[in-house]
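Listed here are the chains, written in short residue letters.
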Amino acid sequence: MNVYPFIEAENARRQGTVTRACQLLGISRAAYYNHRTRAATGGSTRQRTDMALTEKIIAAHDRSRGTYGAPRIRAELAAQGHRHSRKRIARLMQQAGRTGRAPRWCGDITYIPTGEGWLYLATVLDLASRRVVGWATADHLHTDLPDQALRNALHQRRPQPGVIFHSDRGCQYTSQQYAHTARQAGIRLSVGRRGQCWDNAVAESFFATLKTELLHHHTWPTRATAHHALFTWIEGWYNTHRRHSSLNYHSPATYETTTT
């Protein structure tokens, strides 16, 4: 029985179903793409290399847990000694029903009492891994504070354009300055609905954990001592070692480096 037309019809109806259809029918994805290549071109040299490249793309995409888009797949293959254009990789990914996944970040601001007055903390969290990917402190609540936290996140992660950043409707996050920084980095801004405090629940949960495990147990004579304690807790504990229930009790760093 020729099952390939069924797979092609399913993929045309709903992109991204090739893998599932092949599993159900008991054939390999490579066999399907081989058939598709031969049917389209009669098995030309170019298309045979496309088939081999598609297999490498699928393997790289699987290793990324389905997150890599064409630019990162291209970089991954280049590191293995396989240099191809981004346009070609994007075309083959589309044919294979493979797409990248845009990271989702969120951010918020909290405040810490010190002997010198308030210290304000702005954070940027990765919603998938719960990692604090950027943060900044200041003695003020101006837009420069969350703007610097976002710039720090961009410096640390260097994401592709398309990141979705969610926040509340605070004036800092809806300012022209913040919108400009986001636009330059290709970030799409999302804000919570009016009166819905749980729209930014992940950021609020992080602050609750920070206060419970660190801030409520100490007093801070200066802003500098509070900043140092935040650095030690965020970078030396929370991101790298603290087990998170929503990550099957992995730390954010472990979650990002292992397949779960």
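Just above, that's the structure.
Before going into details, it helps to say that this report is about the structure given with it. As the structure is a computational prediction, the values presented were derived from the model and not from experiment. (Residues numbered from 1 in each chain as written. Predicted model: local features only at pLDDT ≥ 70, side-chain atom pairs only at ≥ 80, totals over all residues. Heavy atoms only, no water.)

Quick notes on the sheet that holds strand S3 (residues 132–138)
Here is step 1 of the chain: Taken together, the five strands give an open sheet; going across it, the order is S3-S2-S1-S4-S5, and neighbouring strands pair in mixed fashion. Only two strands of the sheet have a single partner each, and these edge strands are S3 and strand S5 (188–191). Here the strands of the sheet are splayed against their neighbours by 25° on average, with no regard to which way each runs.
Here is step 2 of the chain: Where strand S2 (residues 117–126) and S3 come together, six bridges link them in antiparallel fashion. Counterpart to Leu-121 in the pairing with S3 is Thr-137. (Pairing = 2+ DSSP bridges. Helix = DSSP H or I, 4+ residues; strand = E, 2+ residues; numbered from the N terminus. Axes fitted to C-alpha atoms, helices over the stretch in contact; angles between N-to-C directions.)

Topic: the pattern of salt bridges
Here is step 1 of the chain: For the structure shown, the criterion picks out six salt bridges.
Here is step 2 of the chain: Close ionic contact of Asp-50 with Arg-91 constitutes a salt bridge, the shortest N to O distance being 3.1 Å. In this pair, Asp-50 is assigned in helix H4 (residues 45–63) and Arg-91 in helix H6 (residues 86–95), connecting sequence segments 41 residues apart.
Here is step 3 of the chain: Asp-50 sits in the buried class, given a relative accessible area of 2%.
Here is step 4 of the chain: Relative accessible area serves as the criterion here: at 29%, Arg-91 is assigned to the partly exposed category.
Here is step 5 of the chain: For Asp-147, the salt bridge goes to Arg-151, with nearest N and O atoms at 2.7 Å. Separated by four residues within a single helix, Asp-147 and Arg-151 lie in helix H7 (residues 144–157), roughly one turn from each other.
Here is step 6 of the chain: Given a relative accessible area of 38%, Arg-151 falls into the partly exposed group.
Here is step 7 of the chain: Connected through shared salt-bridge partners, Asp-50, Arg-88 and Arg-91 make up one network. (Salt bridge = Lys/Arg side-chain N within 4 Å of Asp/Glu carboxyl O. Buried < 20%, exposed > 50% of the residue type's maximum accessible area, 1.4 Å probe, protein only.)

Remarks on the packing of H7 against helix H8 (residues 176–184)
Here is step 1 of the chain: Between H7 and H8, the shortest axis-to-axis distance is 9 Å and the interhelical angle comes to 10°. With respect to each other, H7 and H8 are oriented roughly parallel. Packed against H7, whose contacting residues are Asp-144, Pro-146, Asp-147, Leu-150 and Arg-151, the element H8 presents Gln-177, Tyr-178, Thr-181 and Ala-182 at the interface.
Here is step 2 of the chain: Taken together, the residues of the contact of H7 with H8 break down into four nonpolar, two polar and three charged. (Parallel < 35°, antiparallel > 145°, perpendicular 65-115°, else oblique. Contact = heavy atoms within 4.5 Å. Nonpolar A, V, L, I, M, F, W, Y, C, P; charged D, E, K, R; others polar.)

Concerning the pairing of strand S1 (residues 104–114)
Here is step 1 of the chain: The buried fraction of S1 is high, at eight of eleven residues.
Here is step 2 of the chain: As defined by bridge partners, S1 adjoins strand S4 (residues 164–167) across three bridges and the pair is classed as parallel. Considered in S4, the bridge of Trp-105 is made with Phe-165.
Here is step 3 of the chain: Relative to S2, S1 runs antiparallel, the two sharing ten bridges. Paired with Ile-109 across the strands is Ala-122, a residue of S2.

Here we look at the packing of aromatic side chains
Here is step 1 of the chain: The final tally for this structure, using the stated rule, is eight aromatic pairs.
Here is step 2 of the chain: Relative to Tyr-238, the ring of Phe-206 has its centre 5.0 Å away and its plane inclined at 75°; by these criteria the two rings are edge-to-face. Within this pair, whereas Phe-206 is found in helix H9 (residues 201–213), its partner Tyr-238 is found in helix H10 (residues 223–238), the two being separated by 32 residues in sequence. For the pair Phe-206 and Tyr-238, one class covers both residues: buried.
Here is step 3 of the chain: In textbook terms, an aromatic cluster arises when at least three aromatic residues are bridged by ring pairs, as seen for Phe-206, Phe-207, Trp-233 and Tyr-238. (Phe/Tyr/Trp six-rings, centres within 6.5 Å; stacked < 30°, edge-to-face > 60°.)

In short, geometric facts, not functional conclusions.
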